[in-house]
Amino acid sequence: MIYTELLKQIQIWAIELGFSQVGVSDVDLSEAEGHLKKWIAKGFHGQMDFMHKHGSMRTNPNELVEETIRIISLRFDYFDKSIIAYEDVLKKPQKAAISRYAMGRDYHKLIRKKLKNLAEKIKAEVNDFNYRVFTDSAPVMEKAIAEKAGIGWIGKHSNVLNAKAGSYFFLGEIYTNIPLPISKKASFHCGTCTKCIDACPTKAIIAPFQVDARRCISYLTIEHKGPIPKEFHKAIGNRIYGCDDCQMVCPWNKFATDSKVTDFLPRNQFDQPDIKELMKWDEQTFLKKTEGSPIRRIGYKSWRRNLEIAYKNQ
Ligand code: SF4
Ligand code: SF4
């Protein structure tokens, strides 16, 4: 099969599997490498040592998977209009706000399975096709790859966004050795807007495209281990897992498209749980209630730490 035809077929299969968009990037990530190095040099990664411990593997796809010449980048939407709006939960101090992506099923396994399924379909057509699939699971420059593959541009808040779909989506990648046609890089449409920078509760977006993770509520409530510096407690408000504020104010999210699956709909009323009720959970209950949820990975200690801050902020 000619590669242009094959890409068209891949797009059809991907849509059938629940993905919303497919693009192809080459493996030159040198521009992104420069940005990453500067970001790490400033210490903006905080405790996320995994951002530099793999050396140049993150920005050189061939070092991660030999003979990679193309990366298929895929978008998987998790938004659903039926969920109570995050901005409404922020106004209810007795309720806890959880980042929208984390209210339902953990996306890692689900998307990985779909990526493998897609890759196996390609393999059945092209015998020489070698691949590895990733979704937020290895040293992969997901956002830079998505931008090069035309999925969307990197906004001033450093998330990928798309003019027809906003930014509430997961990304997945298939590294491969076959010369699929390369997609056109996404163009930039933030213009003069600074809404995300202005709305950030902790002023973590210190300049366009530069997020100091050490100030970011998403990082502080999920990645950061140990006590959260006191200076951020008040600004954290009732956010107990992640923060969607910069995405919430982004004008492009009025075009956010609903997920094609129900897996990401809220479990345990995670769209607006009651802080007092969550405070009653012991470790066993936490483990049981967060089974199959991305929230589980922060562990009970960090969960309690976050809850106690939200409780005091009531
Ligand atoms: S996630 Fe929240 S704290 Fe982090 S940059 Fe966005 S608005 Fe700021
Ligand atoms: S809020 Fe404005 S500046 Fe920020 S990502 Fe959206 S369009 Fe870009």
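Conventions and cut-offs
For every chain, the first residue of the written sequence is number 1, and numbering continues from 1 along that sequence. A letter from A marks each chain and a number from 1 marks each ligand, given out in the order of writing. This being a predicted model, a pLDDT of at least 70 is required before a residue's local features are given, and a value of 80 or more before pairs of side-chain atoms are given or counted; all residues contribute to the totals for chains, interfaces and linings. For helices the rule is a DSSP run of H or I covering at least 4 residues; for strands it is a run of E covering at least 2, with both sets numbered from the N terminus onward. Radius of gyration: C-alpha atoms only; globule rule: 2.2 Å multiplied by the number of residues to the exponent 0.38. Each residue is classed by its C-beta neighbour count within 10 Å, where at least 20 other C-beta atoms makes it buried, 12 or fewer makes it exposed, and intermediate counts make it partly exposed; the C-beta atoms are placed from backbone geometry. Remark: residues whose backbone-derived C-beta atoms lie within 7 Å of one another are considered to be in contact. Reported domain spans reflect what an automatic or database domain assignment gives. Residue polarity is assigned by list, with Asp, Glu, Lys and Arg as charged and Ala, Val, Leu, Ile, Met, Phe, Trp, Tyr, Cys and Pro as nonpolar; anything else, Gly included, falls into the polar class. A helix is expected to reach a length of 1.5 Å times the quantity of its residues less one. For each residue, a C-beta atom is placed from the backbone, and the residue is labelled near a molecule or strand when this atom is within 6 Å of it. Criterion used throughout: strands pair if DSSP finds at least two bridges between them. Only the stretch in contact is used when fitting a helix axis, every axis being a line fitted to C-alpha atoms; angles between N-to-C directions are given from 0 to 180 degrees. In this usage, the nonpolar core is the set of buried Ala, Val, Leu, Ile, Met, Phe, Trp, Tyr and Cys residues whose C-beta atoms join them within 7 Å.

## Describing the overall build of the protein chain
So, step 1. The helix and strand inventory of the protein chain stands at 13 helices and 10 strands.
So, step 2. Taken over the C-alpha trace, the protein chain has a radius of gyration of 20 Å; the compact-globule value for 314 residues is 20 Å, and the two agree within 12%.
So, step 3. With 314 residues in all, the protein chain has 40% of them scored as buried.
So, step 4. Partitioning the contacts of the protein chain with sequence separation of at least 6, the portion at a separation of at least 24 is 80%.

## Quick notes on the domain arrangement of the protein chain
Where interface size is quoted, it is often the accessible area lost as the parts come together.
So, step 1. According to the domain assignment, the protein chain consists of domain 1 (3-82 + 104-176) and domain 2 (195-312).
So, step 2. Once you take the C-alpha centre of each, domain 1 and domain 2 turn out to be 23 Å apart.
So, step 3. Taken together, the contacts link 30 residues of domain 1 with 33 residues of domain 2.
So, step 4. Among the residues making up the side of domain 1 that touches domain 2, the classes are represented as 11 nonpolar, 12 polar and 7 charged.

## What to know about helix 1 (residues 3-16)
So, step 1. With 14 residues, helix 1 extends 20 Å from end C-alpha to end C-alpha; this agrees with the ideal 20 Å at 1.5 Å per step.
So, step 2. Those residues of helix 1 that are buried lie in contact with strand 1 (21-25), strand 2 (70-77) and helix 5 (107-125).
So, step 3. At the C-terminal side of helix 1, Gly18 shows a positive phi close to 110 degrees.

## Remarks on the site of ligand 2
So, step 1. Within the structure, ligand 2 sits among 13 residues, and Gly155, Cys190, Cys193, Cys196 and Cys250 are positioned closest to it.
So, step 2. Here the residues of the shell around ligand 2 are counted per class, giving 8 nonpolar, 3 polar and 2 charged.
So, step 3. Domain assignment of the residues forming the shell around ligand 2 places at least three in each of domain 1 (3-82 + 104-176) and domain 2 (195-312).

## With respect to the sheet that holds strand 2
So, step 1. Sheet architecture is open: 4 strands sit in the order 1-2-7-4, paired in antiparallel fashion. The open sheet is flanked by strand 1 and strand 4 (131-134), the only strands paired with a single partner. Mean inter-strand twist for the sheet, computed between neighbouring axes without regard to direction, equals 20 degrees.
So, step 2. Relative to strand 2, strand 1 runs antiparallel, the two being bridged by 5 bridges. When the bridges of strand 2 are listed, Val24 appears paired with Ile72.
So, step 3. In this fold helix 1 packs onto strand 1 and strand 2, with an angle of close to 140 degrees to the strand it touches most, strand 1.
So, step 4. Packing against the sheet, helix 5 makes contact with strand 2, strand 4 and strand 7 (169-176), and its axis sits at approximately 40 degrees to strand 7.

## Details of the nonpolar core
Generally speaking, a soluble globular protein has its nonpolar side chains buried in company with each other.
So, step 1. In terms of nonpolar packing, the biggest core is built from 76 residues, with Ile72 and Ile98 touching the most fellow members.
So, step 2. Residues from two domains meet in this core; each of domain 1 (3-82 + 104-176) and domain 2 (195-312) gives at least three.
So, step 3. Apart from the residues lying within four places of it in its own chain, the contact partners of Ile98 are Met103, Ile240, Tyr241, Gly242 and Phe270.

## Topic: unusual backbone geometry
So, step 1. Its identity is not glycine, yet Ser158 carries a phi of approximately 75 degrees, on the positive side.
So, step 2. By secondary structure assignment, the location of Ser158 is in the loop between strand 5 (153-154) and strand 6 (160-161).
So, step 3. For Ser158, a count of 19 C-beta atoms within 10 Å corresponds to the partly exposed category.
So, step 4. Positioned with a positive phi, Asn268 is a non-glycine residue whose angle comes to about 50 degrees.

## Quick look at the environment of Glu5
So, step 1. Within the secondary structure, Glu5 sits in helix 1.
So, step 2. Expressed as a C-alpha distance, the spacing of Glu5 and Ala146, which sit 141 residues apart in the sequence, is 21 Å.

## Here's the deal with the site of ligand 1
So, step 1. Cys200, Cys216, Cys243, Asp245 and Cys246 are the nearest of the 13 residues found near ligand 1.
So, step 2. Looking at the shell around ligand 1, the elements that each hand over two or more residues are helix 8 (217-223) and helix 10 (245-248).
So, step 3. Residue composition of the shell around ligand 1, grouped by class: 9 nonpolar, 3 polar and 1 charged.

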